[in-house]
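# Structure at a glance
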2 protein chains.
Amino acid sequence: MALTEEASNKVFGGYQKVFSHDSKEVGCRMRVGVYLPPQVEENKKLPVIYWLSGLTCSEANFIEKSGAQKYAAEYGVIIVNPDTSPRGLNLPGDSESWDFGVGAGFYVNATQEPWKKNYRMFSYVTSELPKLISDNFPVAEGLQSIMGHSMGGHGALICALKNPGMYKSVSAFAPICNPSACPWGIKALTGYLGSQEAAKWSDWDSTELVKKYNGPPLELLLDQGLEDNFLKSGQLLPENLMEACKSSGVPAILKKREGYNHSYFYIASFIGEHIKYHVEHLLSKKL
Amino acid sequence: MALTEEASNKVFGGYQKVFSHDSKEVGCRMRVGVYLPPQVEENKKLPVIYWLSGLTCSEANFIEKSGAQKYAAEYGVIIVNPDTSPRGLNLPGDSESWDFGVGAGFYVNATQEPWKKNYRMFSYVTSELPKLISDNFPVAEGLQSIMGHSMGGHGALICALKNPGMYKSVSAFAPICNPSACPWGIKALTGYLGSQEAAKWSDWDSTELVKKYNGPPLELLLDQGLEDNFLKSGQLLPENLMEACKSSGVPAILKKREGYNHSYFYIASFIGEHIKYHVEHLLSKKL
């Protein structure tokens, strides 16, 4: 598959690039951010961390606002951050709301019309994209982790829980932990998968997935700002996921951050800690 | 003078705030970013660094993209970053080009119609704003430094050179070093001040100002990406300023950065180094 370089900027000794490519899974041109740390020059194979963004984001938000490149350069890890949905398809209704359709793919594989042909972000993120990355960049085989924010935190969690062993570690900033039980999730899962009665929403909900997780040991690192309005309005529900982890014996950590909200200012404050956590798991050593 | 808080986000333990206020100097409502590091909670008086942004920027670009808060928190320094021009005045022609008028105040005091009443960014930045900041925040008296980018690098340099002793240190990322001799500068100085024959452009041009600098010892820290297209097209002219410094005995350092361009990715990569430099001068000790 051919990648077209759309942007390349030197930052912290490496290069923050943006590529576009034709995606088979989602049937349109997709953009993806790739940070190549300075260690790429040493002809080493490097581990990769995937970042999944939240509602309304493109690949640009994380690239411009998270400050992740500093830590990726320090630890010698590639960071890959895809877009949050297909774009430019003009499906009926795909741009009517900010929490469904364009910018809001929810990292599921849709089964409902008119979404099922293109809204296949789960397969895109867990299958097509890793192949594309390993075909084009010096990636150490099997050394990948995943993290995300809000809708993308949900995405990171379900990608890891549905693919035991695929990711060495998973973390999430202010994730939508129980989409079957919150307004954003109910809207998205109904639209993409059909009603809860007819569809198996539990296959796309971390709080349900941990209950049937049956793979190699996996710890969930959850991070939550305590001044997050979406926490207060019941969109995130970390307590439900923590309870499910406890009852099903899946280890989980919830870092509570006093005074922080849902923004990239919050993410920027702790992204270094998360990257360090992932690199420790990827390299199997304390840093 | 009353400040209205427009935004407040916790980041790296402190708060990134945005305020608006009525400015007498520029005759309109102005927005300004203020980062208050966690040390503010300790009831200490803290040093301040001013950041001046480049063409087209508002206060938002630096706040969202520079990553400066991390270092300000680490070193315990307040960072203040104003907008780049008056806004909302709808003066004839103020929005016709991106390099003149709105977003392009050039940090001068205009003498020409229709600009002279409002385009007084020099007095705003060096007089009105510091008073506003020291009236409202726990600022250590006399402990201020200044830095900026591109047009704002020019701004930082002229603010320091025209006010000997006011700033403990000055630094500039990819500054417009000799506006009298580059297209951006010639357009701006002609528009705001009148023709070079009639006006004293040399009072607003770092390369000229260093030749007559006669204050306490001041070192200029210049920083320049070598893949900067505006360097290549002759808008920045650091060699002219370095030559003038050399011939007039003003110490200057030019950090050349291989592979870096004019973007905030470049700024983010080195802002920590600049903040450390300023704090060392503000506190008169090596860190």
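What comes next concerns the included structure. Bear in mind that the values here come from a model prediction, so they are computed numbers and not experimental data.

### Describing the overall build of chain A
The secondary structure content of chain A amounts to nine helices and nine strands. Projected onto its principal axes, the C-alpha coordinates of chain A cover approximately 55 × 40 × 35 Å. The buried share of chain A, taken over its 287 residues, is 59%. Long-range pairs, those at least 24 residues apart, make up 70% of the contacts in chain A between residues at least 6 apart in sequence. For chain A, the computed accessible surface area is about 10,900 Å², with 49% contributed by carbon and sulfur atoms. Distance between charge centroids for chain A: 4 Å, based on 28 positive and 30 negative side chains.

### Focus: the sheet that holds strand E4 (residues 46-52) of chain B
The nine strands are arranged E1-E2-E3-E5-E4-E6-E7-E8-E9 (chain B) in an open sheet whose pairing can be described as mixed. The strands lining the two open edges of the sheet, one partner per strand, are strand E1 (4-11) and strand E9 (252-257) of chain B. When strand polarity is set aside, the average angle formed by the axes of neighbouring strands in this sheet is 20°. Of the pairings in the sheet, the one linking strand E2 (residues 14-23) of chain B to strand E3 (residues 28-36) of chain B comprises nine bridges and is antiparallel in character. Within E3(B), the residue paired with His21(B) across the bridge is Met30(B). The strands touched by helix H9 (residues 264-283) of chain A within the sheet are E1 and E2 of chain B, with E1(B) carrying the most contacts at an inclination of about 30°. Contacting E4, strand E6 (139-149), strand E7 (170-173) and strand E8 (220-225) of chain B, helix H4 (residues 151-162) of chain B crosses the sheet at an angle of about 140° to E6(B).

### Remarks on unusual backbone geometry
Residue Pro114(A) is reached from Glu113(A) by a cis peptide bond, and omega for that bond is -5°. Mapped onto the elements, Pro114(A) comes out in the loop between strand E5 (78-82) and helix H3 (121-136). One non-glycine residue with positive phi stands out, namely Phe106(A), at about 60°. Examined against the element boundaries, Phe106(A) turns out to sit in the loop between E5 and H3. If you check the backbone angles, Ala174(B) has positive phi at about 45° while not being a glycine.

### Re helix H2 (residues 68-75) of chain B
Turning to H2(B), its buried residues are Ala68(B), Gln69(B), Tyr71(B), Ala72(B) and Ala73(B). Two residues or fewer past H2(B), Gly76(B) is found with a positive phi of approximately 70°.

### So, the interface of chain B and chain A
Across the contact, 23 residues belong to chain B and 23 residues belong to chain A. Summing the contributions of chain B and of chain A, the shared interface buries around 1,800 Å²; its carbon and sulfur component is 55%. Where chain B meets chain A, there are two salt bridges. One salt bridge in this structure joins Lys65(A) and Glu64(B), with 3.7 Å as the shortest N-O distance.

### Structural notes on the packing of aromatic side chains
Taken as a whole and judged by the stated rule, the model has 30 aromatic pairs over all chains. Look at Phe122(A) and Trp204(A): their rings are 5.2 Å apart centre to centre, the planes differ by 85°, and that puts the pair in the edge-to-face class. Highlighted residues: Phe122(A) in helix H3 and Trp204(A) in the loop between helix H5 (183-193) and helix H6 (206-209), separated in sequence by 82 residues. Relative accessible area serves as the criterion here: at 11%, Trp204(A) is assigned to the buried category. Ring geometry for Phe19(B) versus Phe137(B): centroids 5.4 Å apart, planes at 55°, classification tilted. Taken together, the residues span a long stretch of sequence, with Phe19(B) in strand E2 and Phe137(B) in the loop between helix H3 (121-136) and E6 at a distance of 118 residues. Looking at Phe137(B), the relative accessible area reads 11%, which means it is buried. Each residue in the set Trp51(A), Phe62(A), Phe173(A), Tyr260(A), Tyr266(A) and Phe270(A) is aromatic and connected to the rest through ring pairs, giving one cluster. The ring of Phe122(B) has Lys162(B) sitting right over it, with the charged end atom 5.3 Å from the ring centre. Above the ring of Phe270(B), the side-chain terminus of Arg257(B) is found at 3.8 Å from the ring centroid.

About the thresholds
Residues numbered from 1 in each chain as written. Chains lettered and ligands numbered in written order. Predicted model: local features only at pLDDT ≥ 70, side-chain atom pairs only at ≥ 80, totals over all residues. Heavy atoms only, no water. Helix = DSSP H or I, 4+ residues; strand = E, 2+ residues; numbered from the N terminus. Buried < 20%, exposed > 50% of the residue type's maximum accessible area, 1.4 Å probe, protein only. Contact = heavy atoms within 4.5 Å. Areas by Shrake-Rupley, 256 points an atom, 1.4 Å probe, with all protein chains shown as cover. Lys, Arg positive; Asp, Glu negative; His and termini not counted. Charge placed at Lys NZ, Arg CZ, Asp CG, Glu CD. Pairing = 2+ DSSP bridges. Axes fitted to C-alpha atoms, helices over the stretch in contact; angles between N-to-C directions. Buried area = accessible area lost by both parts, 1.4 Å probe. Salt bridge = Lys/Arg side-chain N within 4 Å of Asp/Glu carboxyl O. Phe/Tyr/Trp six-rings, centres within 6.5 Å; stacked < 30°, edge-to-face > 60°. Lys NZ or Arg CZ within 6 Å of the ring centre and 35° of its normal.

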